[in-house]
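Given next are the chains, with one letter for each unit.
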Amino acid sequence: MTVPGDPFVRIRGLDKRFGSVEALQDVSLEIRLGEVLAIVGTNGVGKSTLVKIVSGVLRPDRGELSLGGECVENLSPALSLKRGVAVVYQDLALVDTGSVSFNVFLGEEPTRWGLCLDRRAMDEGAEALLKKMDVVLPDVRSEVRFLSGGQRQAVAIARALQRGGRLLILDEPTAAGW
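Structural notes, computed from the coordinates. Per chain, residue numbering runs from 1 following the sequence as it is written. Two thresholds apply to this predicted model, a pLDDT of at least 70 for residue-level local features and 80 or more for giving and counting side-chain atom pairs, whereas whole-chain, interface and lining totals are computed over all residues. Side-chain numbers come from the whole structure's heavy atoms, not from hydrogens or water.

Considerations on the sheet that holds strand 1 (residues 9-18)
Either a parallel or an antiparallel arrangement is found when strands of a sheet pair, and the pairing is made through backbone hydrogen bonds.
Turning to step 1, where the next piece is worked out: The criterion for strand pairing is that DSSP finds at least two bridges linking the strands in question. Put simply, DSSP marks the helices as runs of H or I at least four residues long and the strands as runs of E at least two long, and each gets a number from the N terminus on. Strands sit in the order 2-1-3-4 across an open sheet of four strands; the sheet is antiparallel. Each having just a single partner strand, strand 2 (21-31) and strand 4 (70-71) make up the two edges of the open sheet.
Turning to step 2, where the next piece is worked out: Looking at chain direction, strand 3 (residues 62-67) and strand 4 are connected through two bridges and run antiparallel. Looking across to strand 4, one finds that Ser 66 is bridged to Cys 71.
Turning to step 3, where the next piece is worked out: Helix-sheet contacts for helix 1 (residues 47-54) involve strand 1, strand 2 and strand 3, and the interaxial angle to strand 1 is about 120°. The contact rule is simple, with two residues in contact once any of their heavy atoms fall within 4.5 Å. Structural elements are reduced to axes, namely lines fitted to C-alpha atoms, with helices fitted over the stretch in contact, and the angle between N-to-C directions of any two is expressed from 0 to 180 degrees.

Details of unusual backbone geometry
Turning to step 1, where the next piece is worked out: With phi around 50°, Asp 26 is a residue other than glycine that occupies positive phi space.
Turning to step 2, where the next piece is worked out: Structurally, the position occupied by Asp 26 is in strand 2.
Turning to step 3, where the next piece is worked out: With phi around 55°, Ala 93 is a residue other than glycine that occupies positive phi space.
Turning to step 4, where the next piece is worked out: Turning to its location among the elements, Ala 93 is positioned in the loop between strand 5 (85-88) and helix 3 (100-104).
Turning to step 5, where the next piece is worked out: With relative accessibility at 48%, the residue Ala 93 sits in the partly exposed group. For each residue, the accessible area found with a 1.4 Å probe, counting protein chains only, is set against the maximum for its type, and the residue is called buried under 20%, exposed over 50%, and partly exposed in between.

A word on the side chain of Ser 99
Turning to step 1, where the next piece is worked out: As for its placement among the helices and strands, Ser 99 is situated in the loop between strand 5 and helix 3.
Turning to step 2, where the next piece is worked out: Residue classification places Ser 99 among the buried residues on the basis of a relative accessible area of 16%.
Turning to step 3, where the next piece is worked out: Engagement of the side chain of Ser 99 in a polar contact is seen with the backbone nitrogen of Phe 102, the distance being 3.0 Å.
Turning to step 4, where the next piece is worked out: Discounting residues that sit within four places of it in the chain, Ser 99 has contacts with Val 140, Arg 141, Ser 142, Glu 143 and Val 144. In protein, a polar contact means a hydrogen-donor-capable atom and an acceptor-capable atom, both N or O and within 3.5 Å, with residues adjacent in sequence counting only if both atoms are side-chain atoms; elsewhere, any N or O pair within 3.5 Å suffices.

Regarding the pattern of salt bridges
Turning to step 1, where the next piece is worked out: Basic side-chain nitrogens of Lys or Arg form a salt bridge, by our definition, when they fall within 4 Å of a carboxyl oxygen of Asp or Glu. For the coordinates displayed, the defined rule picks out twelve salt bridges.
Turning to step 2, where the next piece is worked out: Between Arg 12 and Glu 30 there is a salt bridge, with its nearest N and O atoms 2.5 Å apart. Here Arg 12 is found in strand 1, whereas its partner Glu 30 is found in strand 2, with 18 residues between them in sequence.
Turning to step 3, where the next piece is worked out: Arg 83 is paired through a salt bridge with Glu 70; the nearest N and O atoms lie 3.6 Å apart. Of the two residues, Arg 83 sits in the loop between helix 2 (77-82) and strand 5 while Glu 70 sits in strand 4, which places them 13 residues apart along the sequence.
Turning to step 4, where the next piece is worked out: On the basis of relative accessibility, which here comes to 39%, the residue Glu 70 falls in the partly exposed class.
Turning to step 5, where the next piece is worked out: When salt bridges with common partners are traced through the structure, they connect Arg 10, Arg 12, Glu 30 and Arg 32 into a single cluster.

Looking at a nonpolar patch on the surface
Turning to step 1, where the next piece is worked out: Grouping into patches uses exposed residues only, defined as over 30% relative accessible area, and leaves out salt-bridged ones; the cut-off is 9 Å for like charges and 5 Å for nonpolar side chains (Val, Leu, Ile, Met, Phe, Trp, Tyr). Only the protein chains shown count as covering a residue, and every accessible area follows the Shrake-Rupley method with a 1.4 Å probe. There is a patch of nonpolar side chains on the surface, built from Leu 161, Leu 168 and Leu 170 and spanning about 190 Å² of accessible area.
Turning to step 2, where the next piece is worked out: One can find Leu 168 in strand 8 (residues 167-170).

Thoughts on the pairing of strand 1
Turning to step 1, where the next piece is worked out: Sheet topology note: the strand 1/strand 2 ladder contains seven bridges and is antiparallel. Bridging from a neighbouring strand, Val 9 pairs with Ile 31 of strand 2.

Comments concerning the side chain of Arg 159
Turning to step 1, where the next piece is worked out: One can find Arg 159 in helix 5 (residues 149-162).
Turning to step 2, where the next piece is worked out: Asp and Glu count as negative and Lys and Arg as positive, but His and the ends of the chain are not part of the count. Buried charge without a partner: Arg 159 forms no salt bridge, and the closest opposite charge is Asp 91, 6.9 Å away.
Turning to step 3, where the next piece is worked out: When near neighbours in sequence (up to four residues on either side) are disregarded, Arg 159 contacts Leu 92, Ala 93, Leu 94, Asn 103, Val 104 and Leu 106.

This is the structure:
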């Protein structure tokens, strides 16, 4: 368990290769909860590879990764999310014809009696979360295809937070189209 002030993510000596391409070499990094950290660099320097390792999409070839004070091996995306790491990728992975609230709860929709979607709970939950984020949208029942790029990004971030993200990673947050 992480003690306040201790790093939530601790990386030591991380390496990752793709054949003859060395994507990461001896990367060490600490990230604390509440901290804002930007990793910048030109294309191809390994930023997205590092994100994919922390989120469990890729496994490092060498090195140590700790989340919440515990060393993790064989990390999967589900386990990474369970430990509090949420990622918003450049493509946002939104359902254009779905409502804002549908997208916020995508994959974790509340139900009534275990059978029917509880749309009212989804709408109220999405409104409360967006209000907490200080995001104003026309209506949580609107389809996301009618939202601006920034509004769509806010919906993707709200979904990441709703899923329990304690560490929010934005991959390519300033890319065109957001």
